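Topology and contacts: notes
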Amino acid sequence: MLEMHDVSRTVDGEVHLADINFTFEAGKLYTILGRTGAGKTSLMRALMGLLPLDRGQVLLDGQDITAHPVWERKMAMVYQQFINYPHLNVLDNVAFPLRRQGVRKAEARARAREFLELVDLGSMLDRRPSQLSGGQQQRVALARALVKEARTLMLDEPLVNLDYKLREQLREQFPRILERNRNSVILYATTEPREAMQLGDEILVMHEGRILDTGPPEEIFDRPANIQVATIMGDPPISTFPGVIEGDTLRLGGGISIPGIRRALPGDGEYLVGVRPIDINIPGPIPAQVAISEVSGSETVVHLITPFGDVLMLSQGVSSYDPDERLEIGFVADNLYFFSTDGRLISAPYGEERA
Amino acid sequence: MARIELRDVAHSYNGGKDYALKPLNMVWEDGRTYALLGPSGCGKTTMLNIISGLLKPSEGRLLFDGVDVTDSKAEGRNIAQVFQFPVIYSTMTVAQNLAFPLVCRGYPVNEIKQRVDSVAELLGLSELMQYPARRLTADQKQLVSMGRGLVREDVSAILLDEPLTVIDPQMKFELRRKLKQINREFGITMVFVTHDQTEAMTFAEEVVVMKDGEIMQRGAPQDLFERPGNTFVGYFIGSPPMNFLSAEVAEGKLSCPNTKFSVPADNLGGKGEIQIGFRPEFVELVDPEKANFATARIEKVDNLGVETIVTLTLPGNLTVRAKTTTRFHQDAGDVVGLSVSDDRIQLYSNGQRIGQANEMA
Amino acid sequence: MRTVYLAIKYLALLLWSSFIVFPFLWALSTSFKDANAITSGATYIPWLQFKPSSQGWASLFSDGSTGINIVDPYINSAVVTISASLIAITLGTLAAYGLSRFEFRAGFIKNNDITFFFISQRIMPPIVLAIPFFLMLKTLGLLDTVYGLILVYVALLLPIAVWVMIDFFGNIPKELDELAMIDGCRPIGAFFRVILPNSTPGLVVAGMFCLIFGWNDFFFAFTLTFTKVQLLPVAIVSLNSSVTPWWSLSAFALISVAPLVLIAFLVENFLSKGSLAGAIR
């Protein structure tokens with residue numbers, strides 16, 4: 001169990017971490033989702049002891065380790081850049097942390113070989129890192145992090161610098177590769193919502209040094225705490241615009257209103273309305289103009305301009321729309337999200353109410 | 001504006017021992033958007049550098065609008081190039097950055113201002129004109145790099161070498177949108193190099209898939225997706241990749257062991273190893289009784305939010321994946337039925353596409 | 001057009017290299033001349049223009065009145081230069097690592113100021129340093145000794161070592177040190193086990209500079225020694241008496257330069273192999 005209490009860090013007025021309170025449990029993989037600069041790396045560095053804290057504590061199994069230097073914390077880390085020891089061959093790279101723990105050379109190498117086989121590098125033991133491809137280098141880094149079987153394992157966007165297909169391949173292998181480390185706390189930072197959903201037992205959504213929302217992936221996807229979380233979780237993101245509820249009618253800008261919504265709506269008043277890209281259909285009562293449409297294999301993402309703002313639509317199949325083409329769209333009214341004007345979630349179409 | 005033509009172009013970095021780019025002929029039509037897609041080392045950057053003039057091909061000729069430019073220098077080709085990492089003059093403001101190529105060429109001041117303003121407006125940088133360029137975010141910097149290529153009115157093509165690598169997913173949308181807008185308004189040919197299939201497919205009207213210095217397939221995104229020309233394209237395009245299963249020809253029928261798949265096929269004898277391929281997107285999960293393709297056990301369910309990927313095990317230990325965007329409520333261990341329409345099943349012989357299941361009769 | 005351009009390029013290169021090589025050729029031909037050949041105008045080609053004589057070279061290896069003592073200055077120069085370089089590189093590498101990885105602050109003085117302080121030692125003209133060095137060595141009783149010279153040379157070479165190594169360490173990603181510490185090394189362990197083994201190119205460059213500057217220094221060798229200790233440059237200059245033996249002087253100069261040529265050759269070979277360039281991404 002790894003706890004963070006009020007952990008904060010600000011450098012030259014730039015907030016890296018702000019009042020982070022969170023408890024990581026052993027045996028779970030936490031994906032930390034956020035844009036570049038959201039504080040994902042800072043959070044990991046704070047736990048490792050690589051980031052000096054302005055205030056706050058880090059506790060490992062109840063013991064305050066805030067003052068422990070990094071080399072005493074026995075954690076493991078994989079960077080997004082491919083960082084390996086250039087002067088050591090693959091086998092000794094992976095044996096290195098074990099040797100530092102005082103494991104005898106022969107045993108360290110035997111264990112290193114085991115983990116290198118796990119990441120499919122069993123045949124490259126004698127190579128130097130510079131003789132490997134990017135994907136192989138990152139596998140070495142992974143093996144070196146795993147071989148320690150540390151209580152805490154951190155992966156900081158480990159796939160971001162790999163080619164798309166390599167990324168897909170390695171991501172699929174993660175469950176198998178991480179098997180022997182499954183009793184540890186595993187943190188995995190990413191900017192991609194799909195990756196966060198696929199790998200995480202729980203997701204931490206971060207923005208500007210704060211944790212905005214935490215919970216199981218489906219729960220956060222279905223009931224994001226606020227607009228920012230909904231936006232960060234969506235790929236393509238949710239579209240939001242102001243609206244007013246009167247009875248069972250939703251009034252939007254530009255004189256457009258959607259009457260007769262059957263779902264239980266929040267009380268009358270002003271809201272920010274969110275619509276997921278999959279919840280838009282054609283035809284409907286709303287005039288829209290195509291800004292651009294993008295075909296991605298089986299799906300089409302259409303950027304639409306409506307009287308009340310820009311809206312993203314994701315339609316199944318390949319349909320091509322010309323720029324400036326005029327469409328009549330409708331929303332699946334039952335699937336709309338309602339946020340308060342300051343962005344908190346008021347009503348969501350799916351999922352249980354979250355505590 | 002230019003129509004770019006490669007005639008028998010090939011390139012070798014080591015005097016012909018092996019080719020980074022094998023001999024090929026290709027035409028890039030004026031005003032269209034293209035993507036060069038392939039894994040690292042497939043030759044896509046080599047091809048880009050040949051077009052921009054950074055590299056002289058070891059064989060073949062390069063023509064712009066019919067004029068041979070093989071021997072002319074990069075500066076003479078009026079090509080703007082945008083790189084993976086934004087290149088900006090960090091000591092200058094946004095406006096100065098944009099004006100720089102014109103200032104260097106000695107344009108009159110009022111013309112510079114006019115062109116810079118119009119490009120800035122197009123890119124949505126008008127508000128930031130007096131802002132120091134080093135303080136911009138990564139995506140804004142990339143816009144500035146792009147803008148510097150656009151201010152010259154004589155630009156005939158923009159080459160983009162993985163320009164979205166350092167951009168956050170949420171901002172990639174915006175940048176792609178701007179790029180397409182530029183393409184539409186100026187009619188500039190755009191070539192976009194990437195290893196990311198989604199990026200290639202969303203950006204380009206035509207995608208060229210490369211591997212080991214060769215062109216694997218060239219076509220509209222939809223073609224590559226629905227009718228991959230070979231198993232590599234089927235694997236490389238689409239995530240998860242296309243499902244491939246071995247098939248057999250017997251008694252005038254093509255069938256696939258452990259499935260209900262069977263189509264009449266008279267002329268497939270002696271075609272070598274035959275596989276059927278179908279996209280996870282085209283697999284429908286239905287009641288086991290209603291399935292036209294197979295029944296399978298659910299191995300794993302990955303909910304990715306917008307979509308769900310279901311990994312299935314067919315009898316005979318075959319793995320097939322299905323992708324669905326409707327909410328999926330079954331769990332690992334459950335037995336489901338798979339339906340795939342015949343017009344969604346492609347046939348491959350020795351890795352090359354030979355047709356579609358519904359066309360074989 | 002292209003051929004004209006190439007011709008001009010090679011012509012310029014040829015001119016420049018002959019400008020560089022000429023002094024060596026001149027010294028080489030002079031070292032085989034005798035008094036007659038030297039006084040009879042500028043000649044370059046042996047046998048054809050003058051009769052070669054081995055007198056200059058022989059004088060370096062003979063004793064007595066015609067002989068020149070080359071061995072002692074050679075040993076002195078080697079001892080002083082090599083020890084001073086080793087000390088300077090050891091201290092300089094440690095200092096550079098500290099300055100590139102840790103933040104120091106003493107009032108308004110920060111890392112960059114300390115770095116500048118090191119390098120500023122070489123901004124001052126040597127004459128400014130000569131008198132303080134002289135007085136210091138005198139107080140310590142180290143004037144005219146090898147130890148005193150080593151001390152002074154360390155002070156002169158340290159800025160070079162620090163400068164080269166700070167630049168080198170700056171290009172090694174800090175993540176590499178962090179990784180070593182994550183893997184259980186203390187900072188000093190990270191330095192010795194990970195950073196140092198990957199620093200060969202930097203050390204070679206720094207070492208080369210130190211050896212060249214140390215070996216070639218004349219000014220301090222001249223002002224801080226009298227009779228007991230003589231370094232090579234001083235020994236060469238001291239040949240320049242009323243009747244200068246140009247033949248011996250030339251031979252002497254060529255022999256003095258030989259180790260540097262050898263080093264330059266080895267280093268060039270090493271660097272062109274790109275031994276470690278690009279190992280760290």
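Quick caveat: nothing in here was measured; it's all calculated off a predicted structure.

Reading the values: rules and limits
Residues numbered from 1 in each chain as written. Chains lettered and ligands numbered in written order. Predicted model: local features only at pLDDT ≥ 70, side-chain atom pairs only at ≥ 80, totals over all residues. Pairing = 2+ DSSP bridges. Helix = DSSP H or I, 4+ residues; strand = E, 2+ residues; numbered from the N terminus. Axes fitted to C-alpha atoms, helices over the stretch in contact; angles between N-to-C directions. Contact = placed C-beta atoms within 7 Å. Domains from an automatic or database assignment. Nonpolar A, V, L, I, M, F, W, Y, C, P; charged D, E, K, R; others polar.

**Observations concerning the sheet that holds strand β3 (residues 29-33) of chain A**
Adjacent strands of a sheet form backbone hydrogen bonds with each other and so pair up, either parallel or antiparallel. Residues and elements named next belong to chain A. The strand order across the open sheet built from six strands is β6-β7-β8-β3-β9-β10, with neighbouring strands paired in mixed fashion. Each edge of the open sheet is held by one strand with a lone partner, namely β6 (75-78) and β10 (210-215). Direction aside, the axes of adjacent strands within the sheet are offset by 20 degrees on average. Where β3 and strand β9 (residues 202-207) come together, four bridges link them in parallel fashion. Bridge pairing in β9 places I32 opposite L204. Each of β6 and β7 (152-156) is contacted by helix α4 (residues 134-147), which is oriented at about 170 degrees to β6, the strand it contacts most.

**Observations regarding the sheet that holds strand β17 (residues 309-316) of chain A**
All names here are of chain A. Taken in spatial order, the four strands line up as β17-β16-β15-β18 in an open sheet, and their pairing is antiparallel. Taken across any chain shown, the strands that pair with only one partner, and hence form the sheet edges, are β17 and β18 (326-331). Strand-to-strand, the axes of this sheet are offset by a mean angle of 50 degrees, without reference to chain direction. Where strand β15 (residues 280-296) and β18 come together, six bridges link them in antiparallel fashion. Looking at β18, one finds that I286 is bridged to I329.

**Focus on the domain arrangement of chain B**
All names here are of chain B. Domain annotation of chain B identifies domain 1 (4-232) and domain 2 (243-359). One C-alpha centre belongs to domain 1, the other to domain 2, and the line joining them spans 38 Å. With five residues of domain 1 at the contact, the number on the domain 2 side is eight residues. Its residues placed into classes, the side of domain 1 that touches domain 2 shows one nonpolar, three polar and one charged.

**Examining the interface of chain A and chain C**
With 19 residues of chain A at the contact, the number on the chain C side is 19 residues. Looking at side-chain class alone, the side of chain A that touches chain C contains 14 nonpolar, four polar and one charged residues.

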